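Architecture and fold: a report
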Amino acid sequence: MDAEELRGAIRDGMPGSQADLERLVRIPSIAFPGYDPAPVRASAEATAEILEAAGFGGVRLIDLPDEDHPAVFGEVTGPEDTPTVLLYAHHDVQPEGPLEEWSSPPFEPVVRHGRLYGRGSSDDKCGIVAHAAAMRAVGGSPPVGVKVIVEGEEEASTAHLPFLIEGHRDMLAADVVCVADGGNWRTGVPALETSIRGVVDCRVTVRTLDLAVHSGQFGGAVPDALSCLARILATLHDDAGNVAIQGLASFPWDGIQMTEDELREETPLRPGVELIGTGPISERLWSRAAVSVLGIDAPRTREASNQLVPVASAKVSLRLAPGDDPVNARELLSRHLVDHAPWGVQIIVEAGESGHGLQLRTDGPAYAAMRQAMEAAYDRTPVEIGSGGSVPLVPILARTFPLAEILIYGASDERSQYHSINESVDLGDLERTALAEALLWHELANG
């Protein structure tokens, strides 16, 4: 099939693709602890049916050792001496959040102005649908070998990634890995993600007293733990908002540059709130460290009494420049917190989770092929963007398949609001993503 035939096949198949996405969005496949796992299994079964109907063979569920959050696998063998492509997406979703803030129920898909709304529509059930649409467009006979793995707990846990990826190394082996869990720069503006930040977090606890004491009787001479914790946390940034932890890596960003106006348009900042940090915004978001306080354990204001708080804790998250060592970064974070504890207070830092970041190669044949495919599908040149978040899957893929090229892209955009209320995906970009994927297979076969 040539490019125009593929374009027509993808376009003609969009009503079915939209129906597939609506079917998946209706399933509340939340894999977080405390949620019923039955919808996650139902989502896996629906995913398997969609992939099989699209032309994938050998479709089956992969059960995890101790959770009912199955992954789904399928494959089509390509012609002899052609490369093999591994496609990735995930079928689990974030919790819905406050229902009253959604414009329509999160698990009842609705189309408004060309966008399909619903939890998981962009993150990442559209990735499943794009894979199925591309396979359907080639009639189940791609010009290269194609495998697909759809994870069932990406949003909730990384505990089973070694089992899923490293434990199925031979089954998943491929020359090119396509991770359809990324997104476009803007609606209609294609993008390839070329870097991912790493992450470490910790819990820091400050204690000043063995028990609470009267704030009037002892205040002014005895420090309270919450004030001490606040002083420590305030040292994580300098006065301009730059990360003040010494020794962390950073590097210049060579891809697209985000402007302040673009960032403010995407972010619900309150009027008058300034951006933090100095230097290019793209570097602040993608190629430097970022530190945030995610939560504090201390008396709530409605429960507060006239007592000096004896103990207080906070969870601190540190995003790392791609390639920075999380073990070293965790030590730097811990040392900073301890060194800035005031007045001899007792401080304990407990390590939390960590994940490696990664810079992806952009000089390989698959990357060049995907750029050509995207340009043909979108009728404009794709841009390079970074991921400010961490994607633990990708470093594991890179470690398991060191010779494979990894491509990260997707149909979400700056309006998708994934992980938030009113999540959505642009159906036009979903169509173009599927077309780019199908064109990629032909570029690889001809390369």
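Residues numbered from 1 in each chain as written. Predicted model: local features only at pLDDT ≥ 70, side-chain atom pairs only at ≥ 80, totals over all residues. Heavy atoms only, no water.

Let's shift gears to the packing of helix α1 (residues 3-12) against helix α4 (residues 125-137). When two helices pack together, you describe them by how their axes are tilted relative to each other and by the distance separating the axes. Put simply, α1 and α4 touch, their axes get as near as 9 Å, and they point 125 degrees apart. With respect to α4, the axis of α1 lies oblique. Here α1 and α4 pass one another in a crossing that is right-handed. Taken together, the residues of α4 that come into contact with α1 (itself represented by Leu6, Ala9 and Ile10) are Ala133, Ala134 and Ala137. (Axes fitted to C-alpha atoms, helices over the stretch in contact; angles between N-to-C directions. Helix = DSSP H or I, 4+ residues; strand = E, 2+ residues; numbered from the N terminus. Parallel < 35°, antiparallel > 145°, perpendicular 65-115°, else oblique. Left-handed = near helix turned anticlockwise from the far one by under 90°. Contact = heavy atoms within 4.5 Å.)

So, about a nonpolar patch on the surface. Together, Leu226, Val293 and Ile296 line one region of the surface with nonpolar side chains, adding up to about 220 Å² of accessible area. Position of valine 293 among the secondary structure elements: in strand β11 (residues 290-297). According to the relative accessible area criterion, valine 293 is partly exposed, its value standing at 38%. (Patch = residues over 30% accessible without salt bridge, like charges linked within 9 Å, V, L, I, M, F, W, Y side chains within 5 Å. Areas by Shrake-Rupley, 256 points an atom, 1.4 Å probe, with all protein chains shown as cover. Salt bridge = Lys/Arg side-chain N within 4 Å of Asp/Glu carboxyl O. Buried < 20%, exposed > 50% of the residue type's maximum accessible area, 1.4 Å probe, protein only.)

On to the nonpolar core, then. One finds Leu51, Phe56, Met370, Leu407, Leu430, Leu440 and Trp441 to be the most contacted residues of the largest nonpolar core, which totals 61 residues. Contact partners of leucine 430, with chain neighbours within four places excluded, come to Met14, Leu21, Cys126, Val129, Ala130 and Ala411. (Core = buried A, V, L, I, M, F, W, Y, C linked by side-chain atoms within 4.5 Å.)

A separate point is the pattern of salt bridges. Where side chains of opposite charge bring their charged atoms close, a pairing between them can arise. Going through the model one piece at a time under the given rule, you end up with 19 salt bridges. Among the ionic pairs, arginine 399 bridges to glutamate 166, the shortest N-O distance being 2.9 Å. Here arginine 399 is found in helix α13 (residues 393-400), whereas its partner glutamate 166 is found in the loop between α5 (161-164) and α6 (169-172), with 233 residues between them in sequence. Here glutamate 166 falls in the partly exposed class, since its relative accessible area comes to 28%. Here arginine 203 makes a salt bridge to aspartate 297, at a shortest N to O gap of 3.0 Å. With a gap of 94 residues between them, arginine 203 in strand β9 (residues 198-207) and aspartate 297 in strand β11 connect regions that are remote in the sequence. Take arginine 203: its relative accessible area is 36%, and that puts it in the partly exposed class. Several salt bridges share partner residues, and in doing so they unite Arg41, Asp63 and Asp68 into one network.

Pairing within the open sheet is antiparallel, and its three strands lie in the order β4-β5-β18. On the outer flanks of this sheet lie β4 (110-112) and β18 (424-426), each paired with one strand and no other. Within this sheet the neighbouring strands show an average axis-to-axis angle of 25 degrees, counted without direction. Bridge analysis of strand β5 (residues 115-117) against β18 gives three bridges, and the strand direction is antiparallel. Residue pairing across strands places leucine 116 opposite valine 425, the latter belonging to β18. (Pairing = 2+ DSSP bridges.)

Looking now at the packing of helix α3 (residues 38-54) against α4. Here α3 crosses α4 at 20 degrees, and the two axes come no closer than 8 Å. Of the possible angle classes, the one that applies to α3 and α4 is roughly parallel. The element α3 and its partner α4 pack so that their crossing is right-handed. On α4, the residues that touch Ser43, Thr47, Ile50, Leu51 and Ala54 of α3 are Lys125, Ile128, Ala132, Met135 and Arg136. Classifying every residue of the contact of α3 with α4 by side-chain character gives six nonpolar, two polar and two charged. (Nonpolar A, V, L, I, M, F, W, Y, C, P; charged D, E, K, R; others polar.)

Attention shifts here to the sheet that holds strand β14 (residues 346-355). A sheet is described by the order of its strands in space; here four strands give the open sequence β11-β13-β9-β14, paired in antiparallel fashion. Strand pairing shows two members of the sheet lacking a second neighbour, β11 and β14, which therefore form its edges. Going from strand to strand, the sheet's axes swing by 20 degrees on average, the running direction of each strand aside. With seven bridges connecting them, β11 and strand β13 (residues 311-320) associate as antiparallel partners. Paired with glycine 295 across the strands is lysine 315, a residue of β13.

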